[in-house]
Amino acid sequence: MVKTGGVQRRSERPSPALTAARDAVSKLVARWDDRLAEGLAADNLFLDRTKERRRAEIDALRASVGACTPANGFDFVENALRGQWTMNCERGKLQVAITLAPTMPPRIQYLDVRAAADFPPPSDTCR
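Residues numbered from 1 in each chain as written. Predicted model: local features only at pLDDT ≥ 70, side-chain atom pairs only at ≥ 80, totals over all residues. Heavy atoms only, no water.

Draft legend 1. Here's a closer look at unusual backbone geometry. In this chain, Met-104 is followed by Pro-105 through a cis amide linkage whose omega measures -5°. Along the chain, Pro-105 falls in the loop between strand E3 (92-100) and strand E4 (108-115). (Helix = DSSP H or I, 4+ residues; strand = E, 2+ residues; numbered from the N terminus.)

Written as C-alpha cells, this is what we have:
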C-alpha cells in the first residue's frame, strides 16, 4: 500500500510551545538580542557553542543574505517539540531547526541556522 499511495504518512502537528519558539527564534535570527536568547535557551544550548559564538555566526549569515522576514509556518515538523522552517531574506534564504527540551516550560536545547543551500533535507531515517 505504501508503494501505491494507499498509505499516507501522518502529518505531525507542532505544539503551541514549538510554534511560540519558532516565532521567538525568527525574531532572534532577524535581530539578535542577548536577553531573548537567554530566555529561550535550555541549560545546555550554550555549552556546545557559546552565546557569543552563536550570535557571531547568525550575524555573519544575516550579513550575507540581508534582512530576513519571520516564517509563518514550518517546512517540517518531526514531532511536537522539533521542527524546521525557512526564513526568506533579501539575498537568499535561511533554514532554521530547533528542538525543545521536555521541560516546563519547554526551552530550546538545539538550534541550527544555515544558508538554505547548506541545510540537509528532512529525512525519514530520523524516525
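Draft legend 2. Spotlight on the pattern of salt bridges. Considering all chains together, one arrives at ten salt bridges under this definition. Put simply, Arg-22 and Asp-23 hold a salt bridge, and the shortest N to O gap is 2.8 Å. Residue Asp-34 is joined to Arg-55 by a salt bridge in which the shortest nitrogen-to-oxygen separation is 2.5 Å. Of this pair, Asp-34 sits in helix H2 (residues 34-40) while Arg-55 sits in helix H4 (residues 51-65), and the two are 21 residues apart along the sequence. Salt bridges sharing common partners tie together Arg-49, Arg-53 and Glu-57. (Salt bridge = Lys/Arg side-chain N within 4 Å of Asp/Glu carboxyl O.)

Draft legend 3. Representation of the pairing of E3. In terms of burial, E3 is largely enclosed, as seven of its nine residues are buried. Examined bridge by bridge, strand E2 (residues 82-89) and E3 share eight bridges and lie antiparallel to one another. Bridged to Cys-89 within E3 is Gly-92. Linking E2 to E3, which pair antiparallel, is a turn of two residues. (Buried < 20%, exposed > 50% of the residue type's maximum accessible area, 1.4 Å probe, protein only. Pairing = 2+ DSSP bridges.)

Draft legend 4. Summary view of H4. If you check H4, its first and last C-alpha atoms are 21 Å apart, about what 15 residues at 1.5 Å a residue would give, namely 21 Å. The set of residues buried in H4 consists of Lys-51, Arg-54, Ile-58, Leu-61, Arg-62 and Val-65. Each buried residue of H4 sits inside an arc of 100° when the element is viewed along its axis, so together they form one side. Against the buried residues of H4 lie helix H1 (16-30), H2, helix H3 (45-48), E2, E3 and E4. The first or second residue beyond H4 is Gly-66, which carries a positive phi of 85°. (Expected span 1.5 Å × (residues − 1). Arc of directions from axis to C-beta. Contact = heavy atoms within 4.5 Å.)

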